[in-house]
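Residues per chain are reported as follows:
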Amino acid sequence: MKEANGNAPFTIGGVTLRSRLFLGTGRYPSPAVLRRALEASGAHVLTFAVRRVDLEAPREDDPTLRLTEDKDFVYLPNTSGSSTADEAVRLARLAREAGLGSWVKVEISVHPRLLLPDPVETLKATERLVREGFTVLPYTSDDPMLCARLAEAGAAAVMPGGSPIGTGLGILNPYHLSWIAEECPVPVIVDAGLGSAADAAQAMELGADGILVNTPVALARDPVAMAEAMRLGVEAGLLSRRAGRIPRKPYASASSAADGGLFPAAPGGGAG
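Residues numbered from 1 in each chain as written. Predicted model: local features only at pLDDT ≥ 70, side-chain atom pairs only at ≥ 80, totals over all residues. Heavy atoms only, no water.

Caption draft 1: View of the overall build of the protein. For the protein, the helix and strand inventory stands at nine helices and ten strands. Here the protein holds 272 residues, and 47% of them are scored as buried. Counted over contacts in the protein with a minimum sequence separation of 6, partners at least 24 positions apart contribute 65%. (Helix = DSSP H or I, 4+ residues; strand = E, 2+ residues; numbered from the N terminus. Buried < 20%, exposed > 50% of the residue type's maximum accessible area, 1.4 Å probe, protein only. Contact = heavy atoms within 4.5 Å.)

Caption draft 2: Quick look at the UniProt feature "active site" (unreviewed entry) in the protein. Following the UniProt record, the feature "active site" (unreviewed entry) maps to K105 here. Within the element layout of this structure, K105 appears in strand 6 (residues 103–106). You can call K105 buried: its relative accessible area is 5%. Here K105 is in contact with T47, L76, P77, N78, T79, L137, Y139, M159 and D191, once residues within four sequence places are set aside. (UniProt positions renumbered as here; feature names shortened; annotations may be inferred.)

Caption draft 3: Representation of the environment of A151 within the structure. Among the structural elements, A151 can be located in helix 5 (residues 144–152). When its relative accessible area of 12% is taken as the criterion, A151 is described as buried. When the C-alpha atoms of A151 and P187 are compared, they prove to be 9.4 Å apart, with 36 residues separating the residues in sequence. Those residues within four positions of A151 in sequence are excluded, and the remaining contacts are C184, P185 and V186.

Caption draft 4: Representation of unusual backbone geometry within the structure. Unusually for a residue other than glycine, R27 sits at a positive phi of about 70°. Position of R27 relative to the elements: it lies in the loop between strand 3 (21–24) and helix 1 (31–41). A relative accessible area of 58% means that R27 is categorised as exposed. The backbone of A192 shows a phi angle near 85°, a positive value even though the residue is not glycine. The residue A192 is located in the loop between strand 9 (189–191) and helix 7 (197–205) in this model.

Caption draft 5: Just the side chain of T215, in detail. Within the secondary structure layout, T215 lies in helix 8 (residues 215–218). If near-sequence neighbours (up to four positions away) are discounted, T215 is found in contact with R27, G166 and A220.

Caption draft 6: Region of interest: the packing of helix 5 against helix 6 (residues 174–183). Direction vectors running N to C along helix 5 and helix 6 enclose 30°, while the axes themselves pass 9 Å from each other. Considered as vectors, helix 5 and helix 6 are oriented roughly parallel to each other. Note on packing geometry: the crossing formed by helix 5 with helix 6 is right-handed. In this structure, helix 5 uses P144, M145 and C147 to contact helix 6, whose residues at the interface are H176, W179 and I180. (Axes fitted to C-alpha atoms, helices over the stretch in contact; angles between N-to-C directions. Parallel < 35°, antiparallel > 145°, perpendicular 65-115°, else oblique. Left-handed = near helix turned anticlockwise from the far one by under 90°.)

Caption draft 7: Spotlight on the packing of helix 4 (residues 119–131) against helix 5. Running from amino to carboxyl end, helix 4 crosses helix 5 at an angle of 15°, the nearest separation of the two axes being 9 Å. Relative to helix 5, the element helix 4 lies roughly parallel. In the crossing of helix 4 with helix 5, the sense of the turn from one axis to the other is right-handed. Note on element contacts: helix 5 touches helix 4 through L146, R149 and L150, opposite P119, T122, L123 and T126. Considered class by class, the residues forming the contact of helix 4 with helix 5 number four nonpolar, two polar and one charged. (Nonpolar A, V, L, I, M, F, W, Y, C, P; charged D, E, K, R; others polar.)

Caption draft 8: Spotlight on the environment of E205. As for its position among the elements, E205 is in helix 7. Taking the C-alpha atoms as reference, E205 lies 8.8 Å from S178; in sequence the two are 27 residues apart. In contact with E205, not counting residues within four places along its chain, are G237, S240 and R241.

Structural data, given as C-alpha coordinates:
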(Lines give C-alpha, C1' and ligand atoms only; values in the text may rest on other atoms or scores of the structure.)
Protein backbone atom coordinates (compact mmCIF):
# COMPACT_ATOMS: atom_id res chain seq x y z
CA MET A 1 0.00 0.00 0.00
CA LYS A 2 1.74 3.13 -1.21
CA GLU A 3 0.32 5.43 1.45
CA ALA A 4 1.86 3.29 4.22
CA ASN A 5 5.30 3.04 2.64
CA GLY A 6 7.84 5.26 4.34
CA ASN A 7 10.42 4.76 1.63
CA ALA A 8 8.42 4.68 -1.60
CA PRO A 9 10.56 5.06 -4.76
CA PHE A 10 10.60 8.44 -6.45
CA THR A 11 12.11 9.90 -9.59
CA ILE A 12 14.72 12.54 -10.33
CA GLY A 13 15.81 13.33 -13.86
CA GLY A 14 14.04 10.28 -15.22
CA VAL A 15 15.78 7.89 -12.80
CA THR A 16 13.69 6.02 -10.26
CA LEU A 17 15.48 5.95 -6.91
CA ARG A 18 14.93 3.18 -4.38
CA SER A 19 15.93 5.28 -1.37
CA ARG A 20 15.22 8.83 -0.24
CA LEU A 21 18.44 8.96 1.74
CA PHE A 22 21.45 10.29 -0.19
CA LEU A 23 24.80 9.60 1.44
CA GLY A 24 28.10 11.45 1.31
CA THR A 25 31.33 9.47 1.31
CA GLY A 26 33.88 11.76 2.95
CA ARG A 27 35.54 11.71 6.39
CA TYR A 28 34.78 8.09 7.35
CA PRO A 29 37.35 6.48 9.66
CA SER A 30 38.11 3.74 7.13
CA PRO A 31 36.90 2.26 3.81
CA ALA A 32 35.52 -0.72 5.74
CA VAL A 33 33.33 1.51 7.91
CA LEU A 34 32.16 3.39 4.84
CA ARG A 35 31.17 0.13 3.15
CA ARG A 36 29.16 -1.00 6.19
CA ALA A 37 27.53 2.41 6.51
CA LEU A 38 26.51 2.28 2.85
CA GLU A 39 24.87 -1.07 3.41
CA ALA A 40 23.09 0.08 6.58
CA SER A 41 21.83 3.28 4.95
CA GLY A 42 20.22 1.62 1.95
CA ALA A 43 21.27 4.69 -0.05
CA HIS A 44 21.00 4.63 -3.82
CA VAL A 45 22.64 8.01 -4.53
CA LEU A 46 26.21 8.65 -3.39
CA THR A 47 27.91 12.02 -3.44
CA PHE A 48 31.60 12.84 -3.35
CA ALA A 49 33.76 15.85 -4.11
CA VAL A 50 35.19 15.81 -7.62
CA ARG A 51 38.37 17.37 -6.28
CA ARG A 52 38.87 14.33 -4.01
CA VAL A 53 38.91 11.91 -6.93
CA ASP A 54 41.97 11.32 -9.10
CA LEU A 55 40.15 11.55 -12.42
CA GLU A 56 43.19 10.42 -14.39
CA ALA A 57 43.70 7.22 -12.38
CA PRO A 58 41.77 4.00 -13.10
CA ARG A 59 38.47 3.92 -11.22
CA GLU A 60 39.53 0.77 -9.38
CA ASP A 61 42.34 2.76 -7.76
CA ASP A 62 39.98 5.21 -6.06
CA PRO A 63 38.97 3.89 -2.60
CA THR A 64 35.39 5.15 -2.84
CA LEU A 65 34.72 4.08 -6.41
CA ARG A 66 36.36 0.73 -5.75
CA LEU A 67 33.88 0.07 -2.94
CA THR A 68 30.92 0.77 -5.17
CA GLU A 69 31.97 -0.44 -8.61
CA ASP A 70 29.91 -3.65 -8.47
CA LYS A 71 26.86 -1.97 -6.93
CA ASP A 72 23.90 -0.22 -8.53
CA PHE A 73 24.59 3.29 -7.25
CA VAL A 74 23.83 6.64 -8.83
CA TYR A 75 26.92 8.86 -8.58
CA LEU A 76 26.37 12.48 -7.67
CA PRO A 77 29.75 14.22 -7.96
CA ASN A 78 29.74 17.61 -6.26
CA THR A 79 31.68 20.74 -7.05
CA SER A 80 32.64 21.64 -3.48
CA GLY A 81 35.67 23.91 -3.36
CA SER A 82 34.31 26.00 -6.22
CA SER A 83 33.89 29.72 -5.67
CA THR A 84 32.57 30.65 -9.12
CA ALA A 85 30.25 29.23 -11.76
CA ASP A 86 33.23 28.79 -14.10
CA GLU A 87 35.01 26.54 -11.59
CA ALA A 88 31.88 24.47 -10.94
CA VAL A 89 31.23 23.96 -14.65
CA ARG A 90 34.83 22.89 -15.21
CA LEU A 91 34.66 20.29 -12.41
CA ALA A 92 31.36 18.93 -13.73
CA ARG A 93 32.81 18.54 -17.21
CA LEU A 94 35.89 16.77 -15.84
CA ALA A 95 33.75 14.33 -13.86
CA ARG A 96 31.61 13.48 -16.89
CA GLU A 97 34.65 13.04 -19.11
CA ALA A 98 36.09 10.67 -16.48
CA GLY A 99 33.02 8.44 -16.78
CA LEU A 100 31.24 9.49 -13.59
CA GLY A 101 27.96 10.24 -15.35
CA SER A 102 25.95 13.37 -15.99
CA TRP A 103 24.51 13.97 -12.56
CA VAL A 104 26.14 16.82 -10.68
CA LYS A 105 25.53 18.60 -7.41
CA VAL A 106 26.43 22.24 -7.92
CA GLU A 107 28.09 23.48 -4.75
CA ILE A 108 29.62 26.95 -4.82
CA SER A 109 30.71 28.59 -1.58
CA VAL A 110 32.74 31.68 -0.86
CA HIS A 111 32.65 32.43 2.85
CA PRO A 112 35.26 30.15 4.54
CA ARG A 113 33.47 29.92 7.90
CA LEU A 114 29.84 29.59 6.85
CA LEU A 115 30.28 27.77 3.51
CA LEU A 116 26.86 29.02 2.50
CA PRO A 117 26.06 28.71 -1.22
CA ASP A 118 26.59 31.72 -3.48
CA PRO A 119 23.10 32.23 -4.96
CA VAL A 120 24.14 34.18 -8.06
CA GLU A 121 26.97 31.87 -9.11
CA THR A 122 24.86 28.80 -8.31
CA LEU A 123 22.09 29.98 -10.63
CA LYS A 124 24.60 30.77 -13.39
CA ALA A 125 26.23 27.34 -13.13
CA THR A 126 22.86 25.59 -13.11
CA GLU A 127 21.75 27.37 -16.29
CA ARG A 128 24.99 26.51 -18.10
CA LEU A 129 25.14 22.86 -17.03
CA VAL A 130 21.48 22.24 -17.89
CA ARG A 131 22.19 23.56 -21.40
CA GLU A 132 25.08 21.08 -21.63
CA GLY A 133 22.82 18.15 -20.79
CA PHE A 134 23.69 17.57 -17.13
CA THR A 135 21.18 16.46 -14.52
CA VAL A 136 21.75 19.32 -12.08
CA LEU A 137 20.97 19.25 -8.37
CA PRO A 138 22.08 22.60 -6.92
CA TYR A 139 22.91 23.00 -3.25
CA THR A 140 21.20 26.23 -2.25
CA SER A 141 20.07 28.30 0.69
CA ASP A 142 16.57 27.82 2.10
CA ASP A 143 15.24 30.70 -0.01
CA PRO A 144 11.89 29.79 -1.63
CA MET A 145 12.29 32.31 -4.44
CA LEU A 146 15.80 31.11 -5.30
CA CYS A 147 14.62 27.50 -5.35
CA ALA A 148 11.87 28.55 -7.76
CA ARG A 149 14.45 30.25 -10.01
CA LEU A 150 16.66 27.17 -9.99
CA ALA A 151 13.71 24.99 -10.97
CA GLU A 152 12.87 27.39 -13.80
CA ALA A 153 16.49 27.12 -14.95
CA GLY A 154 16.06 23.37 -15.35
CA ALA A 155 17.37 21.93 -12.08
CA ALA A 156 16.23 18.32 -11.70
CA ALA A 157 15.91 18.85 -7.94
CA VAL A 158 16.85 21.52 -5.43
CA MET A 159 18.91 20.92 -2.31
CA PRO A 160 18.23 23.59 0.33
CA GLY A 161 20.36 23.48 3.46
CA GLY A 162 18.86 23.05 6.89
CA SER A 163 21.81 25.00 8.38
CA PRO A 164 25.49 25.50 7.44
CA ILE A 165 27.43 22.41 6.33
CA GLY A 166 28.78 20.24 9.11
CA THR A 167 27.22 22.22 11.96
CA GLY A 168 24.65 19.66 13.04
CA LEU A 169 22.36 22.55 13.99
CA GLY A 170 19.42 20.91 12.27
CA ILE A 171 16.68 22.82 10.46
CA LEU A 172 16.89 26.47 11.47
CA ASN A 173 13.97 27.69 9.37
CA PRO A 174 11.26 25.04 9.10
CA TYR A 175 8.82 27.60 7.72
CA HIS A 176 10.98 28.24 4.65
CA LEU A 177 11.61 24.56 4.04
CA SER A 178 7.93 23.70 4.25
CA TRP A 179 7.17 26.54 1.85
CA ILE A 180 9.81 25.30 -0.60
CA ALA A 181 8.45 21.75 -0.40
CA GLU A 182 4.92 23.01 -1.02
CA GLU A 183 5.69 25.31 -3.92
CA CYS A 184 8.74 23.95 -5.73
CA PRO A 185 7.85 21.99 -8.90
CA VAL A 186 10.88 19.66 -8.64
CA PRO A 187 11.93 17.25 -5.86
CA VAL A 188 13.37 18.84 -2.71
CA ILE A 189 16.36 17.16 -1.04
CA VAL A 190 17.29 18.76 2.27
CA ASP A 191 21.07 18.99 2.43
CA ALA A 192 23.55 20.21 5.02
CA GLY A 193 23.39 20.92 8.72
CA LEU A 194 21.38 17.89 9.79
CA GLY A 195 22.71 16.22 12.92
CA SER A 196 20.60 13.22 13.77
CA ALA A 197 17.74 10.99 12.69
CA ALA A 198 15.32 13.39 14.38
CA ASP A 199 16.38 16.10 11.91
CA ALA A 200 15.87 13.67 9.03
CA ALA A 201 12.38 12.85 10.22
CA GLN A 202 11.56 16.55 10.63
CA ALA A 203 12.71 17.31 7.09
CA MET A 204 10.47 14.59 5.70
CA GLU A 205 7.52 15.71 7.83
CA LEU A 206 7.97 19.22 6.45
CA GLY A 207 7.48 17.89 2.95
CA ALA A 208 10.97 17.05 1.65
CA ASP A 209 11.33 14.27 -0.90
CA GLY A 210 14.64 13.15 0.60
CA ILE A 211 17.72 14.19 2.53
CA LEU A 212 21.47 14.13 1.97
CA VAL A 213 23.86 13.58 4.89
CA ASN A 214 27.57 13.02 5.28
CA THR A 215 29.17 14.48 8.40
CA PRO A 216 26.54 13.34 10.95
CA VAL A 217 27.06 9.77 9.79
CA ALA A 218 30.80 9.75 9.07
CA LEU A 219 31.72 11.46 12.36
CA ALA A 220 29.17 9.74 14.59
CA ARG A 221 30.56 7.58 17.39
CA ASP A 222 29.11 4.62 15.49
CA PRO A 223 28.76 5.57 11.80
CA VAL A 224 27.10 2.31 10.83
CA ALA A 225 24.40 2.64 13.49
CA MET A 226 23.83 6.30 12.57
CA ALA A 227 23.48 5.36 8.89
CA GLU A 228 20.72 2.95 9.82
CA ALA A 229 19.13 5.54 12.13
CA MET A 230 19.08 8.08 9.29
CA ARG A 231 17.39 5.56 7.01
CA LEU A 232 14.75 4.88 9.63
CA GLY A 233 14.35 8.62 10.32
CA VAL A 234 13.61 9.27 6.65
CA GLU A 235 11.11 6.44 6.52
CA ALA A 236 9.42 7.49 9.79
CA GLY A 237 9.20 11.12 8.72
CA LEU A 238 7.58 10.29 5.39
CA LEU A 239 5.21 7.81 6.99
CA SER A 240 4.25 10.34 9.65
CA ARG A 241 3.58 13.02 7.03
CA ARG A 242 1.36 10.70 5.06
CA ALA A 243 -0.45 9.55 8.20
CA GLY A 244 -1.34 13.16 9.05
CA ARG A 245 -0.45 14.75 12.36
CA ILE A 246 -3.05 16.27 14.64
CA PRO A 247 -3.32 20.07 14.56
CA ARG A 248 -1.50 22.03 17.25
CA LYS A 249 -3.90 23.59 19.76
CA PRO A 250 -3.31 26.11 22.54
CA TYR A 251 -5.34 24.24 25.19
CA ALA A 252 -5.63 20.68 26.51
CA SER A 253 -8.25 18.22 25.37
CA ALA A 254 -9.06 14.91 27.06
CA SER A 255 -8.09 11.67 25.38
CA SER A 256 -11.42 10.07 26.34
CA ALA A 257 -14.74 11.24 24.98
CA ALA A 258 -16.84 13.27 27.39
CA ASP A 259 -19.54 10.56 27.54
CA GLY A 260 -17.05 7.93 28.63
CA GLY A 261 -17.22 5.91 25.40
CA LEU A 262 -14.08 4.51 23.76
CA PHE A 263 -15.03 5.68 20.28
CA PRO A 264 -17.09 8.50 18.80
CA ALA A 265 -20.76 7.70 18.67
CA ALA A 266 -21.75 6.27 15.29
CA PRO A 267 -24.52 7.92 13.25
CA GLY A 268 -27.87 6.61 14.44
CA GLY A 269 -26.80 6.23 18.05
CA GLY A 270 -24.79 2.97 17.94
CA ALA A 271 -21.24 2.54 19.15
CA GLY A 272 -20.03 1.65 15.64
